[in-house]
Amino acid sequence: MDCKDYKLDDIKSLLNLCNDDFIINFANKGLLKRANKEIDKGVEVKIEVLGDEEIEIVFDEDTKCLVKPQINDIGCTCKAKGVCKHIVTSILILRDELSKEVVNQDREGSIQEDVIHNTENLWIKNVKIDEIVDKLKPNNIRDILFRLNYNMDYGVEKNNYKVQVRIYDNIIITAPFIGDIDNMLCSLRCDGLCHHKVEALLICLINENIYDKQDVINTLVRKFKNDKHIRDDKCLVDVNKLTRKMLEVGLARLPKTILNEIEYEVHRCTRLNYPRLEKMLKSLITTINRYYSKDASFSNSNYIRQLIKIALVTKAIDNAVDYKVLTDAIGVKKTTYVPISDLCLFGIGALGWTSNSNYQGITYYFYDDDNASLYSYNDVMPTETTKSNSIKRMYNKTQIWSLEAPMKDLCRKKIKIKKPRINEQNRLSSSNDTEGFILDKTEMSKLKLEKLLYRDFSQLIEHMKDSFTFTIRKKDELESLVIVEVDKYDEPHFDEINQQLRVDMYDENKEVLTMLIQYNEHTDYLIKAIERTYKNGGLGYRLLGKVFKYEDSYYISPITFYYENDQMENVTIELR
Amino acid sequence: MLDKYLRKLNDYVDSLAIFGLNIVKSQDILRLDELIDEGNKIGLENLVKELKKLKEILSKKIHSTEDVREELYDQFVLVCSYLYIEMSMV
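Every value quoted in this text rests on a predicted model; they were computed, and no experiment measured them.

1. Some words on the nonpolar core
Here is step 1: Ranked by internal contacts, the top residues of the largest apolar core, which has 132 residues, are Leu202(A), Leu220(A), Met246(A), Ile262(A), Tyr303(A) and Leu428(A).
Here is step 2: Not counting residues up to four positions away in its chain, the partners in contact with Tyr303(A) are Met246(A), Leu251(A), Leu254(A), Leu284(A), Thr287(A), Ile288(A), Phe298(A) and Ile18(B).
Here is step 3: Listed in part, the 32 residues of the second largest apolar core include Ile23(A), Leu32(A), Ile74(A) and Cys84(A).

2. Some words on the layout of surface pockets
Residue and element names in this part refer to chain A.
Here is step 1: Volume-wise, the second largest pocket comes out at about 760 Å³.
Here is step 2: For the second largest pocket, the lining is made up of 34 residues, of which Asn139, Asn140, Asp143, Asn273 and Lys334 are closest to its centre.
Here is step 3: Considering every element that reaches the lining of the second largest pocket, the biggest residue donor is helix H6 (residues 138-149), with 7 residues.

3. A short note on the interface of chain A and chain B
A common measure of how large an interface is: the accessible area buried when the components associate.
Here is step 1: Listed by partner, the interface residues are 28 residues for chain A and 28 residues for chain B.
Here is step 2: For the pair chain A and chain B, the summed buried area comes to about 2400 Å², and 56% of that belongs to carbon and sulfur atoms.
Here is step 3: The largest contributions to the chain A side of the interface with chain B come from Arg244(A), Leu247(A) and Glu248(A), which together make up 27% of the buried area.
Here is step 4: Remark: the boundary between chain A and chain B carries 3 salt bridges.
Here is step 5: Residue Arg244(A) pairs with Glu70(B) through a salt bridge whose shortest N-O separation is 3.8 Å.
Here is step 6: On the surface where chain A and chain B come into contact, there are 14 residue pairs in polar contact (both at pLDDT 80 or more).
Here is step 7: Elements supplying a minimum of two residues to the side of chain A that touches chain B: helix H9 (233-249) and helix H12 (300-319) of chain A.
Here is step 8: With 9 residues, H12(A) is the largest single contributor of residues to the side of chain A that touches chain B.
Here is step 9: A class-by-class count of the residues in the side of chain A that touches chain B yields 13 nonpolar, 6 polar and 9 charged.

4. Side note on the packing of aromatic side chains
All names here are of chain A.
Here is step 1: Within this structure, the stated rule accounts for 14 aromatic pairs over all chains.
Here is step 2: Summarising the aromatic geometry, the rings of Phe298 and Tyr303 are spaced 6.3 Å apart at their centres and angled 45 degrees between planes, so their arrangement reads as tilted. For the pair formed by Phe298 and Tyr303, the shared burial category is buried.
Here is step 3: With 6.1 Å between their ring centres and 65 degrees between their planes, Tyr550 and Tyr555 make a pair best called edge-to-face.
Here is step 4: Judged by its relative accessible area of 9%, Tyr555 falls in the buried class.
Here is step 5: Ring pairing ties together the aromatic residues Tyr364, Phe366, Tyr377, Tyr395 and Trp401, which thus form one cluster.
Here is step 6: One residue, Arg147, lies across the ring of Tyr168, its end atom 3.9 Å from the ring centre.

5. What to know about the confidence of the model for chain A
Here is step 1: The share of residues in chain A with pLDDT of 70 or more is 94%, and the mean pLDDT across the chain is 85.
Here is step 2: Within the model, the stretch residues 109-117 of chain A combines pLDDT values under 50 with 16 contacts to residues more than four positions away or in other chains.

6. Topic: helix H1 (residues 2-19) of chain B
Here is step 1: A rise of 1.5 Å per residue sets the reference length of H1(B), with its 18 residues, at 26 Å; its end C-alpha atoms lie 26 Å apart and thus fit the reference within 8%.
Here is step 2: Listing the buried residues of H1(B) in full gives Tyr5(B), Leu6(B), Leu9(B), Asn10(B), Tyr12(B), Val13(B), Asp14(B), Leu16(B), Ala17(B) and Ile18(B).
Here is step 3: Where the residues of H1(B) are buried, they touch H9 and H12 of chain A together with helix H2 (26-42), helix H3 (45-59) and helix H4 (66-89) of chain B.
Here is step 4: Looking one or two residues beyond H1(B), the residue adopting positive phi is Gly20(B), at roughly 100 degrees.

7. Things to note about the sheet that holds strand E7 (residues 172-176) of chain A
Residue and element names in this part refer to chain A.
Here is step 1: Pairing is antiparallel in the open sheet, where 4 strands are placed in the order E5-E6-E7-E8. Each of the sheet's edge strands pairs with one partner strand only, and the pair in question is strand E5 (155-158) and strand E8 (185-186).
Here is step 2: In the sheet, E5 pairs with strand E6 (residues 162-166) via 4 bridges, with the strands oriented antiparallel. Across the sheet, Gly155 pairs through a bridge with Arg166, a residue of E6.
Here is step 3: The strands touched by helix H7 (residues 195-207) are E5, E6, E7 and E8; relative to E6, the strand with the most contacts, the crossing angle is about 115 degrees.

8. Concerning the packing of helix H11 (residues 275-292) of chain A against H12(A)
For any two helices packed against each other, the geometry is given by the interaxial angle and the distance between the axes.
All names here are of chain A.
Here is step 1: Remark: H11 packs on H12, axes separated minimally by 10 Å, with the N-to-C direction vectors making an angle of 160 degrees. By the angle between their axes, H11 is roughly antiparallel relative to H12. Relative to H12, H11 is oriented so that their crossing is left-handed. Facing Arg276, Leu277, Met280, Leu281, Ser283, Leu284, Thr287 and Ile288 of H11, the residues of H12 in contact are Tyr303, Gln306, Leu307, Lys309, Ile310, Val313, Thr314 and Ile317.
Here is step 2: Class assignment for the residues of the contact of H11 with H12 results in 10 nonpolar, 4 polar and 2 charged.

9. Points about the sheet that holds strand E2 (residues 54-58) of chain A
Here is step 1: If you trace the 4 strands from one edge of the open sheet to the other, you get E1-E2-E3-E4 (chain A), paired in antiparallel fashion. The open sheet terminates on both sides in strands that have one partner only, identified here as strand E1 (46-51) and strand E4 (75-76) of chain A.

10. Remarks on the pairing of E2(A)
Taken residue by residue, a regular strand's side chains alternate between the two faces of the sheet.
Residues and elements named next belong to chain A.
Here is step 1: Counting buried positions along E2 yields 4 of 5 residues, so the element is predominantly enclosed.
Here is step 2: Sheet topology note: the E1/E2 ladder contains 5 bridges and is antiparallel. Counted as the bridge partner of Glu48 is Glu56 from E2.
Here is step 3: Between E1 and E2, which pair antiparallel one after the other, the connecting turn spans 2 residues.
Here is step 4: Bridging between E2 and strand E3 (residues 64-67) involves 4 bridges; their strand directions are antiparallel. What sits directly across from Val58, in E3, is Lys64.
Here is step 5: If you look at the hairpin formed by E2 and E3, you'll find 5 residues sitting between the two strands.

11. A closer look at the environment of Leu284(A)
Residue and element names in this part refer to chain A.
Here is step 1: Tracing the sequence through the fold places Leu284 in helix H11.
Here is step 2: What makes Leu284 buried here is its relative accessible area of 0%.
Here is step 3: Placed 171 residues apart in sequence, Leu284 and Arg455 show a C-alpha to C-alpha distance of 39 Å.
Here is step 4: Setting aside residues up to four positions removed in sequence, Leu284 forms contacts with Met246, Ile262, Tyr303, Gln306, Leu307 and Ile310.

12. Some points on the pairing of strand E13 (residues 413-418) of chain A
Residue and element names in this part refer to chain A.
Here is step 1: One ladder, built from 4 bridges, connects strand E10 (residues 343-354) with E13; its direction is antiparallel. Across the sheet, residue Leu343 finds its bridge partner in E13, namely Ile417.
Here is step 2: In this sheet, strand E15 (residues 435-441) lies alongside E13 in antiparallel orientation, the contact comprising 6 bridges. Across the sheet, residue Lys413 finds its bridge partner in E15, namely Lys441.

Calculation rules
Residues numbered from 1 in each chain as written. Chains lettered and ligands numbered in written order. Predicted model: local features only at pLDDT ≥ 70, side-chain atom pairs only at ≥ 80, totals over all residues. Heavy atoms only, no water. Core = buried A, V, L, I, M, F, W, Y, C linked by side-chain atoms within 4.5 Å. Buried < 20%, exposed > 50% of the residue type's maximum accessible area, 1.4 Å probe, protein only. Contact = heavy atoms within 4.5 Å. 1 Å grid on protein atoms, 1.4 Å probe; cavity = no way out; pocket = protein on both sides within 12 Å on 5 of 7 lines; lining within 4 Å. Points joined across faces, edges and corners; volume = space filled by probe spheres on them. Helix = DSSP H or I, 4+ residues; strand = E, 2+ residues; numbered from the N terminus. Buried area = accessible area lost by both parts, 1.4 Å probe. Salt bridge = Lys/Arg side-chain N within 4 Å of Asp/Glu carboxyl O. Polar contact = N/O pair within 3.5 Å; in protein donor to acceptor, adjacent residues only side chain to side chain. Nonpolar A, V, L, I, M, F, W, Y, C, P; charged D, E, K, R; others polar. Phe/Tyr/Trp six-rings, centres within 6.5 Å; stacked < 30°, edge-to-face > 60°. Lys NZ or Arg CZ within 6 Å of the ring centre and 35° of its normal. pLDDT = per-residue confidence, 0-100. Expected span 1.5 Å × (residues − 1). Pairing = 2+ DSSP bridges. Axes fitted to C-alpha atoms, helices over the stretch in contact; angles between N-to-C directions. Parallel < 35°, antiparallel > 145°, perpendicular 65-115°, else oblique. Left-handed = near helix turned anticlockwise from the far one by under 90°.

Here it is as structure tokens:
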């Protein structure tokens, strides 16, 4: 390669960047293989340096490649569209030439000067954050904000030619220093400026101290709130009109066709990505159907509360200024999990459940005693494909995080989790990257259980009052989870009129809290089991349960009983 | 007492919504008057203020006009929200 009269610094930078991975990223494996075969066969080419930033590789009269410093500018005269075999072959040939040159220079004793770019003038530093953020859809912005707020550990590696950012799910973005934003490569081979590239760029901007992290977050929030797709006026107006119509006409006079009208709005909300409104409207359909079928579980108050909440959520989406209120009103369809640092957790119990929407599963609860944080893990299955005993089977067989122990054991052990992933509700994912190690048995009596354990029931009720205030905010599922220390249990009493089991529990100060289990096909076994366990020697000294409000009073539904010898019993599973 | 009052008000808003805001009878306004008086005695200032506004709109005889209907709907949602917040805090 005769390049004595020309400086080819930028092209050399590109060639330095072009290792096999990089080539596969912008071309593909097949092309790289074919290009290597051509070279092995001894393809003959003519290399002509045309200028500081242009090298022509001539294959034959009709096929010539023009190599330039920016990968996207490299062109070929052959008929193939996009990146062809000749482009890849040209790069490989030039790369070999470059390495020979380096060897020769080394032999001659000259010092090889690496092409080090002045990082002060990198194109990355001139990127306008507002312009790149414009490429993001609202959902992408929410995900990026979530990851930024959780201080996700982005792997950023930098050398003289490029910066590489590992964002999540091992997606790697490569930004060569030469050229511009168009030269970035995404390991998912996305065309143009994809949201992965934008996220990586934002990380680079923060890393290089060009923008403060908070500025980036503010810009993203501003963009999210102003996005025209976020507030689809027509849909919100129509949902509002629908609730107005229902209140104006009154349920007693509403024709059955109202169900079709609500159904139509459900589809619109699905399409426009308002998951919370979609869910609320679906639930309203169920309630109205109960009214038409004269179902005893229908209640006027519940119906009106649902309508009022829909009206408020619609208004919140339309007017909310606060990002949290707005995103909460919109809701999420698919939860996002982010990798966080390693965790040391104590399994504290498990709840078996069956939902009205044909799903059943087990929620496992884990507690981080040092940081006083609760985590959950959900194992869910559709009821149609499972048998009645599937909850126990899931409990005995399911294994996660590369552990050999089934969940039955895991939910009562102290475990270390490497590379865990969690979502906004502190729910752990079963990601393949996550690794678990069992350390010990959970010894409940030795845990501090801050913010979780209540010895004084009046204090518990006082605390729970805040959690049960009427709000349009969606409640965190772990918010109502508590452990209570019980001094004495009264004998279980089944209320025949209201079809519910009541067990009064007393704390040391004789304050009372009632365990309440409403009778239905799914709780039949539990009611019998609680009565039986009481007779056979008593219920545990501590109880993990969910606090709920029923007719203006607070009750607890049981999940796990703890006994003095650090044994635990997951009542909704093990007593089935 | 507060609990009893809120339940009474809840029944009132339930009946309005079940039979429709469009058909408001004079008895409904009389019942609302009673609720306003009772609310005043308990000292629920904010709720009473909104109930008074609701009564004002309900008393308008031009319910068929779009803007009054919209005003009524908005006020009803507001009253219910206040009521539910009060109820959840009792």
